[in-house]
Amino acid sequence: MSSSISIFGLGYVGSVSAACLAQMGHRVMGVDVNPAKVEMLDSGRSPIIEAQMSELVAENNKACRLHATDDANAAVQGSEISFLCVGTPSLPNGKLDLSHVEHVAREVGTALKHKASHHTVVLRSTVLPGTTESRVIPILESSSGRRAGIDFTVCYNPEFMREGSAVADFFQPPCTVLGAQSPTHLARLRELYAGLPARTFETNIAAAEMAKYVSNVFHALKVSFANEIGTLCKQLNLDTETITQIFTSDTKLNISPAYLTPGFAFGGSCLPKDLRALTHRAKELDLTLPLLESIIPSNAEHITRAVDAILHTRKKKIAILGLSFKAGTDDLRESPQVQLIKRLLGEGLQVQIWDQDVSLGRIAGSNRQYIEDVIPHIGSLLSTNFDEVVRSGEVVIVGSKSVDVNQLSSQLLPNQIVIDLVNLDPSRRPAGVRTYEGICWKLWKSSAEFRHRDPACNTQRTPVPADGLSH
Ligand SMILES: NC(=O)c1ccc[n+]([C@@H]2O[C@H](COP(=O)([O-])OP(=O)(O)OC[C@H]3O[C@@H](n4cnc5c(N)ncnc54)[C@H](O)[C@@H]3O)[C@@H](O)[C@H]2O)c1
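Cut-offs and rules
- Here the residue index of a chain counts from 1 through its sequence in written order.
- Local features in a predicted model are, by the rule used here, given only for residues with pLDDT of at least 70; side-chain atom pairs are given and counted only at 80 or more, and totals for whole chains, interfaces and linings are based on all residues.
- No hydrogens and no water enter the side-chain calculation; it runs on all heavy atoms of the structure.
- In plain words, nonpolar cores are sets of buried Ala, Val, Leu, Ile, Met, Phe, Trp, Tyr and Cys residues tied together by side-chain atoms within 4.5 Å.
- Each residue's exposure class comes from its accessible area (1.4 Å probe, protein chains only) as a fraction of the maximum for that residue type: buried when under 20%, exposed when over 50%, partly exposed otherwise.
- Secondary structure elements are taken from DSSP: a helix is a run of H or I of four residues or more, a strand is a run of E of two residues or more, and numbering for both begins at the N terminus.
- Any two residues having at least one pair of non-hydrogen atoms within 4.5 Å are treated as being in contact.
- Two strands make a pair as long as DSSP finds a minimum of two bridges between them.
- Orient the strands so they point away from the viewer, and a crossover whose first-strand-to-second-strand path over the helix runs clockwise is right-handed.
- Here an angle of 0 to 180 degrees is reported between the N-to-C directions of two axes, which are lines fitted to C-alpha atoms, with helices fitted over the stretch in contact.
- Should the near helix be turned anticlockwise from the far one by less than a right angle, the crossing is termed left-handed; should it be turned clockwise, right-handed.
- In this count, Pro and Cys sit with the nonpolar residues alongside Ala, Val, Leu, Ile, Met, Phe, Trp and Tyr, while Asp, Glu, Lys and Arg are called charged and the others, Gly among them, polar.
- Nearness of a residue to a molecule or strand requires only that one of the residue's heavy atoms be within 4 Å of it.
- Contacts described as polar in this section are N or O atom pairs within 3.5 Å, which, within protein, must combine one atom able to donate a hydrogen with one able to accept it, while residues neighboring in sequence count only if both atoms come from side chains.
- Here the open area of atoms and residues is found with the Shrake-Rupley method and a 1.4 Å probe, where only the protein chains shown may cover a residue.
- Every patch collects residues that have over 30% relative accessible area and no salt bridge, joining them within 9 Å if they carry like charges and within 5 Å if they are nonpolar side chains (Val, Leu, Ile, Met, Phe, Trp, Tyr).
- Here, a salt bridge means any side-chain nitrogen of Lys or Arg that lies within 4 Å of a carboxyl oxygen of Asp or Glu.
- How far a helix is expected to stretch is found by multiplying one less than its residue total by 1.5 Å.

*Asks:* Can you help me understand the nonpolar core in this one?
*Replies:* Soluble globular proteins: nonpolar side chains tend toward being buried together. Counting 34 residues, the largest nonpolar core has I7, V16, L21, V28, L66, F83 and L189 as the members making the most contacts within it. Element by element, the count of residues in this core is highest for helix α1 (residues 12-23), at six residues. Residue contacts for V16: discarding those within four places in its chain leaves G11, I48, E50, M53, M161, A166, V167 and F170.

What follows is the structure, given as structure tokens:
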């Protein structure tokens, strides 16, 4: 079904969206404050240099599906959906400049004041979580004198295209993310994108706003990681290409969802040691690799976050479920749980520990040496009696994925506080406690509403297999 669409902002995102939506058969009116861009698009020429754009713009302009104007009011009156694709540059201090977004929201809102039929406003500009609801919707409401969600609909739909392959990315996006205050608001957008071969995630507006930042920040992280590794390899006189090939060919642990679920700090006998060795070698070579050097401090900060969360409860008796760095092992070397316990004992808290895999009588060698050095009297704190340990704590710390949640639920009293460090799957979280907190995760309550609508696609969690992909 063809829709009539107005697109505000004819830069990379707006021009490409305009041309591609026209190509899909919709009637599109581009709007820009720059008369040169309006003139170009309206006469069938692409306002941007981008593969396939010249052909698409010319073809769709000729077919009378793609035009442009500087008249915002006319564009809103003549369309059912408005996409806002204006720029969100940085201010000199790094803060996001929302002036274009606010200006365009005011123009669209003013036009909505005089519009009889229902209209959908879709923000596509990259904005920080909360912006649409705290800044854009209030402007649309005050300038239109109407209410969002009742008189008109507002959605957020981030764009994941890359310049250089923007048209191809539009038709084959990595995913489609649709954000709204209610799933019912997404009906028009759902229809519009129905033909695109992408997994669609429906969620609340703030999550959709954040999803774009998480992707971009991760891409930046990947580029910097590759560049620092390349720099080190070059200095070590190694074949960077072969190493990159080996690294990227591992789609089980490296290029995969493994290790990407928020949880507790990493530890064990390899990761911290190997990071230290590599960054030390880089220093010997007089290399500055800020990304690699920041990983150990970042991990330490995460342990501090757990300590702070526990101290914040102001409780004295702490039950810790899980001592080794990973479920299913008794390796205590550089276990962040051990570091956490050491810090809690230093704060004068009473700690009882349960771990089904750790028996002091069994562990030996460097593992035993490590625990005896870090927590010399650990034996008096460690127990294999799960129920007793759980009942001993005013605060119960879930520090292992191997915790039997049914057994935990059966022992917990409602006034006990549970702090989950490992991010148990929602289906495995204990029932019956009033306070259940994650260290770096939160399930937004209303997202269940969206998940229910589209269970295959919303807020999915990557199952962590028993072979221990978790950190
Ligand atoms: N460029 C990309 O590859 C890319 C990809 C994904 C998301 N984004 C995000 O999308 C947004 C747009 O990016 P862009 O690169 O297309 O920006 P851009 O700067 O290339 O284009 C923005 C356009 O908006 C116009 N504009 C400003 N105020 C207007 C108004 N009131 N009415 C109509 N037009 C107005 C400007 O004249 C300009 O032509 C940004 O938030 C950006 O972060 C960009």
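Still more to cover.
*Asks:* Would you explain the pairing of strand β10 (residues 350-354) in this entry?
*Replies:* In regular strands, side chains alternate between the two faces of the sheet. Sheet topology places strand β9 (residues 317-321) next to β10; five bridges connect them, and they run parallel. Residue pairing across strands places K317 opposite Q350, the latter belonging to β10. In this view, the connection linking β9 to its parallel neighbour β10 by way of helix α14 (residues 336-346) has right-handed handedness. For β10 and strand β11 (residues 382-383), the ladder comprises two bridges, and the chain directions are parallel. Its bridge partner lying in β11, I353 is registered against L382.

*Asks:* How should I be thinking about the packing of helix α5 (residues 99-112) against helix α6 (residues 131-144) in this particular structure?
*Replies:* Any two packed helices are characterised by how steeply their axes cross, that is the angle between the axes, and by the distance between the axes. Between α5 and α6, whose axes approach to 7 Å, the crossing angle comes to 35 degrees. The handedness of the crossing between α5 and α6 comes out as right-handed. For the pair α5 and α6, the contacting residues are V101, E102, A105, R106, V108, G109, T110 and L112 in the first and R135, V136, I139, L140, S143 and S144 in the second. Considering only residue class, the contact of α5 with α6 consists of seven nonpolar, four polar and three charged.

*Asks:* Can you help me understand the sheet that holds strand β5 (residues 119-123) in this one?
*Replies:* Sheets are built from strands that pair by backbone hydrogen bonding, the pairs being arranged parallel or antiparallel. Ordered by their spatial adjacency, eight strands build an open sheet running β3-β2-β1-β4-β5-β6-β7-β8, and the pairing between neighbours is mixed. Two strands in the sheet have a free side with no partner beyond their single neighbour: β3 (66-69) and β8 (200-203). Put simply, the sheet's adjacent strands are angled 25 degrees from each other on average, direction ignored. Sheet topology note: the strand β2 (residues 27-31)/β3 ladder contains four bridges and is parallel. Looking across to β3, one finds that G30 is bridged to A68. Lying on the sheet, α1 is in contact with β1 (4-8), β2, β3 and β4 (81-84); it crosses β1 at an angle near 165 degrees. Each of β6 (152-156), β7 (176-180) and β8 is contacted by helix α9 (residues 205-235), which is oriented at about 145 degrees to β7, the strand it contacts most.

*Asks:* Help me out: how do you make sense of the site of the ligand in this one?
*Replies:* Surrounding the ligand, one finds 23 residues, the nearest of these being D32, K37, T88, T126 and E163. Between the ligand and T88 there is a distance of 2.5 Å, counted from an oxygen atom to a side-chain nitrogen or oxygen. Within the side chain of E107, one N or O atom sits 3.2 Å away from a nitrogen atom of the ligand. Here the ligand has 840 Å² of accessible area as a free molecule, and 80% of this is covered by the chains. Elements supplying a minimum of two residues to the shell around the ligand: α1 and α5. Here the shell around the ligand gets four residues from one element, more than from any other, and that element is α5. Taken together, the residues that form the shell around the ligand break down as nine nonpolar, eight polar and six charged.

*Asks:* Teacher, can you tell me more about the sheet that holds strand β14 (residues 435-438) here?
*Replies:* Read across the sheet, six strands follow the order β11-β10-β9-β12-β13-β14 without closing on themselves; strand pairing throughout is parallel. Among the strands making up the open sheet, the edge pair consists of β11 and β14. Strand direction decides the pairing type here: strand β12 (residues 395-398) and strand β13 (residues 417-420), joined by four bridges, are parallel. When the bridges of β13 are listed, V396 appears paired with V418.

*Asks:* Sorry, what's going on with a nonpolar patch on the surface here?
*Replies:* Taken together, the side chains of F218, L221 and L260 define a hydrophobic patch exposed on the protein surface, amounting to about 260 Å² of accessible area. Residue position: L260 is located in the loop between α10 (240-249) and α11 (271-284).

*Asks:* Sorry if this is basic, but what is going on with the pattern of salt bridges here?
*Replies:* For side chains bearing opposite charge, pairing can occur when the charged atoms are close. Counted by the stated rule, this structure contains ten salt bridges. Here R281 ties to E284 by a salt bridge, and the two come within 2.9 Å at their closest N and O atoms. Here E284 and R281 lie together in helix α11, a separation of three residues that amounts to about one turn. Residue classification places R281 among the partly exposed positions, given a relative accessible area of 35%.

*Asks:* Quick question: what am I supposed to make of the environment of K37 here?
*Replies:* Checked against the element boundaries, K37 lands in helix α2 (residues 35-42). Along the backbone, K37 and K62 are 25 residues apart, and their C-alpha atoms lie at a distance of 17 Å. In this structure K37 touches L10, G11, D32 and P47, once residues within four positions along its chain are discounted.

*Asks:* Help me understand α1, please; the structure alone is not making it clear to me.
*Replies:* Given 3.6 residues to a turn, an α-helix orients residues that are three or four positions apart in the same direction. For α1, built from twelve residues, the straight-helix expectation of 16 Å at 1.5 Å per residue is met to within 8% by its first-to-last C-alpha distance of 16 Å. Of the positions making up α1, those classed as buried are G14, S15, V16, S17, A18, A19, C20, L21 and A22. Note on α1: the residue one or two positions beyond its end, G25, has a positive phi of about 105 degrees.

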